Amino acid sequence: MTPRDEVDGSKVRDEREDDLFTAIGKRVQDLEIDDTTRLNRLDEDNEDGDERAEARVVDKIESLCMNCQDNGETRLLLTRIPKFREVILSSFSCDHCGYKNTEVSNAGEIQQKGCKYSFILHHPIDMEREIIKTETAIFRIEDLDFEIPSGQGKISNLEGVLSEILNNLEAGQKARKNENPEVYEKIARICSKLLDMMIGRGMPFTVSIDDPAGNSWIEPSTRDDEKGKYIRQEYPRSREQNAALGLGEANEATSNGPTAHLVPQIPSNGGDPMADVDILDGAVYELDSACPGCSKPAKLNVQLVDIPFFKQVVVSAMNCEHCGYKTSDVKTGGEVPEKGKRLTLEVTAPEDLSRDVLKSESATMHIPECDIEMEAGTMGGRFTTIEGVLTQVRNDLRKVVYGDDDDEQVTSDGMQWKKQEEWSQFFERLDKTIACKIPFTCIMQDPLGNSYIQSLTAPEPDPKLKEEDYIRTADEMETLGLADMKTKFVKEGEYESETAAESAKDPGTLEKFEKPMIQEDGAKKP
């Protein structure tokens, strides 16, 4: 063995020791290097070898079996899951009673925001989607109103999770049938519906996973053609959720201060602290707030911006000096318009990528050429450019698919070859779109009419930008709460709630909520 081989082998081992969490594929490569080094040492009659040359992938610990109170063995694997983060995989087995148990614990950092995944299973192949549920996440089967609370972490696919739920429910059914027949019948009905879902008779159905720590995950796919099939949302944590994660006490921050997201409030004492302050366009105002990331006091910067040929909007930003949490948001004001707004932009030149875009929280965005469809609430409120929106979408998707690692060969370890090709082609097409190498269409639909795309010929009509009003669908009315409730001013300081049915003295009022959207040519359907 040459000195160079000695140095290279030690360098690889030192790098691995510094990085405790590495992908399985990289560990295998390190094993090959260590095995070669160890064999070369043995060839030189070094029978004792070097303990450092033995690559230890799994740590073994003698531990107590909670089933028989004898000693068993726990195996720990510190690894980095491709497309995800660092985790600790633990497996316990007892040779005395045969008890076995596996568990996954998150070893990565708590993310700045919580995350919620919603997935609709339409076909049996959807059962193969991988899922990671950390110990802080709540898993739900929405159609059954069935919930797995936070607790034990799991790495599996949806079929494995549902099978485990079914097995656990059926485990004590024989005893329940004699002891508590009423509970037996209820659980039997749930098991029957769950079995129908697993074999495809009960599809479609929806599952969701909500993790305040932001470390859970459901595998995405480029073949999700159905609208709303896969939805990923990030949200700021509440003080109670931060306290549960050990990020400060629930009452650590001021209880009456605003959060990082602006919420209209009326002071309880009837006074207005901003009554004597002139709100100037472009001026930045600093408000006392509470950081959603750590619940500690922080400053919220607010600025009033006047968008030409549109309206005034409020831009807010926060940068917590305690935990580094950063967030920005855009809020629009004014009354709810009678109709929604649909904006269609044909992007054919690089200057089109520089158009200003205001995407509100209620807006959806669709780019057919890239198979991208963002539901309402995705990315929150954003005031950026067309290029900025696409770049943010690309970065977010790459993080979901490949994780935080920049090496795609490492992060795609364990991904099926066909899926690797699909994602590679998807990102290649998206990169060409961002570089404006292929023309594309950006369609933004906002039922509240609070979104905006800059016109380069304003106030004259822009040939590339099409603006049209449309009648909101019944689902949009329901989501926004406009179909069930209206507010009617009675007298000073008091409001009265009235339902749409009570206020619709005109027979056509409710019927217009059920009318379909206008056609692409702008003519209403009869």
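Cut-offs used in this document
- Residues numbered from 1 in each chain as written.
- Predicted model: local features only at pLDDT ≥ 70, side-chain atom pairs only at ≥ 80, totals over all residues.
- Heavy atoms only, no water.
- Pairing = 2+ DSSP bridges.
- Helix = DSSP H or I, 4+ residues; strand = E, 2+ residues; numbered from the N terminus.
- Axes fitted to C-alpha atoms, helices over the stretch in contact; angles between N-to-C directions.
- Buried < 20%, exposed > 50% of the residue type's maximum accessible area, 1.4 Å probe, protein only.
- Polar contact = N/O pair within 3.5 Å; in protein donor to acceptor, adjacent residues only side chain to side chain.
- Contact = heavy atoms within 4.5 Å.
- Core = buried A, V, L, I, M, F, W, Y, C linked by side-chain atoms within 4.5 Å.
- Expected span 1.5 Å × (residues − 1).
- pLDDT = per-residue confidence, 0-100.
- Salt bridge = Lys/Arg side-chain N within 4 Å of Asp/Glu carboxyl O.

Q: Would you explain the pairing of strand β1 (residues 59–64) in this entry?
A: In summary, the side chains of a regular strand alternate between the two faces of the sheet. Relative to strand β2 (residues 71–80), β1 runs antiparallel, the two being bridged by six bridges. Across the sheet, residue E62 finds its bridge partner in β2, namely E73. Here β1 folds back onto β2, and the loop between the two strands holds six residues, one of which, Q69, carries a positive phi near 65°.

Q: Even after reading the chapter, I still don't get the sheet that holds strand β14 (residues 297–306), so can you show me in this structure?
A: As a general point, the strands of a sheet are linked pairwise by backbone hydrogen bonds and lie either parallel or antiparallel. The four strands are arranged β13-β14-β15-β16 in an open sheet whose pairing can be described as antiparallel. Every interior strand has two partners, whereas the edge strands, β13 (284–290) and β16 (326–332), have only one. Taken pair by pair, the neighbouring strands of this sheet meet at an average axis angle of 25°, ignoring direction. Bridge count between β13 and β14: seven bridges; the pairing is antiparallel.

Q: I keep staring at the side chain of K229 and nothing clicks. Help me out?
A: The residue K229 is located in the loop between β11 (217–218) and β12 (230–235) in this model. Taking the relative accessible area as the measure of exposure, K229 reaches 2% and is therefore buried. A polar atom in the side chain of K229 sits 2.6 Å from the side chain of D126. Among all residues touching K229, those that are not within four sequence positions of it are S118, F119, I120, L121, H122, D126, R129 and D224.

Q: What is the right way to read the nonpolar core from this model?
A: Nonpolar side chains in soluble globular proteins tend to be buried together. Residues F139, I141, I165 and F205 are the most contacted members of the largest nonpolar core, which totals 30 residues. Here the element with the most residues in this core is helix α3 (residues 158–171); it accounts for six residues. Contacts of F205, omitting those with residues within four sequence positions, involve F119, I120, L121, M127, I141, D143, L162 and M197. Of all hydrophobic cores here, the second largest spans 29 residues; its members include M379, I434, I453 and L465.

Q: I would appreciate a short explanation of the sheet that holds β11 in the present structure.
A: Pairing is antiparallel in the open sheet, where three strands are placed in the order β9-β6-β11. On the outer flanks of this sheet lie β9 (154–157) and β11, each paired with one strand and no other. In terms of strand pairing, strand β6 (residues 130–133) meets β9 through four bridges, oriented antiparallel. Residue pairing for β9: E130 is matched across the bridge by N157. Relative to the sheet, α3 contacts β6 and β9, its axis offset from that of β9 by approximately 110°.

Q: Is there a simple way to think about helix α5 (residues 181–199) in this case?
A: Think of an α-helix as 3.6 residues a turn; residues three or four steps apart then line up on the same face. Between its first and last C-alpha, α5 extends 27 Å over 19 residues, near the 27 Å set by a 1.5 Å rise per residue. As for α5, its buried residues are in contact with β7 (138–141), α3, α4 (173–179) and β10 (205–211). Two residues or fewer after α5 comes G200, characterised by a positive phi angle close to 100°.

Q: When you look at the confidence of the model for the protein chain in this model, what are you seeing that I'm missing?
A: Detailed reading of the predicted coordinates is not advisable wherever pLDDT falls low. A residue-level look at the protein chain finds 71% of positions with pLDDT of 70 or above and a mean pLDDT of 76. Confidence drops under a pLDDT of 50 for residues 1–18, and excluding neighbours within four residues, the segment shows 18 contacts in the predicted structure. In this model residues 499–526 is a low-confidence stretch, pLDDT under 50, and it forms 38 contacts with partners more than four residues away in sequence or in other chains.

Q: Is there a simple way to think about the pattern of salt bridges in this case?
A: A pair can form between side chains of opposite charge whenever their charged atoms are brought close. Tallied over the full model, the rule gives 19 salt bridges. The salt bridge involving D145 is made with R140; its shortest N-O contact spans 2.7 Å. Here D352 ties to K464 by a salt bridge, and the two come within 2.8 Å at their closest N and O atoms. In this pair, D352 sits in the loop between β17 (340–347) and β18 (356–359) while K464 sits in the loop between β23 (452–453) and β24 (465–470), placing the two residues 112 residues apart along the sequence. The network of salt bridges with shared partners includes R140, E142, D145 and E147.

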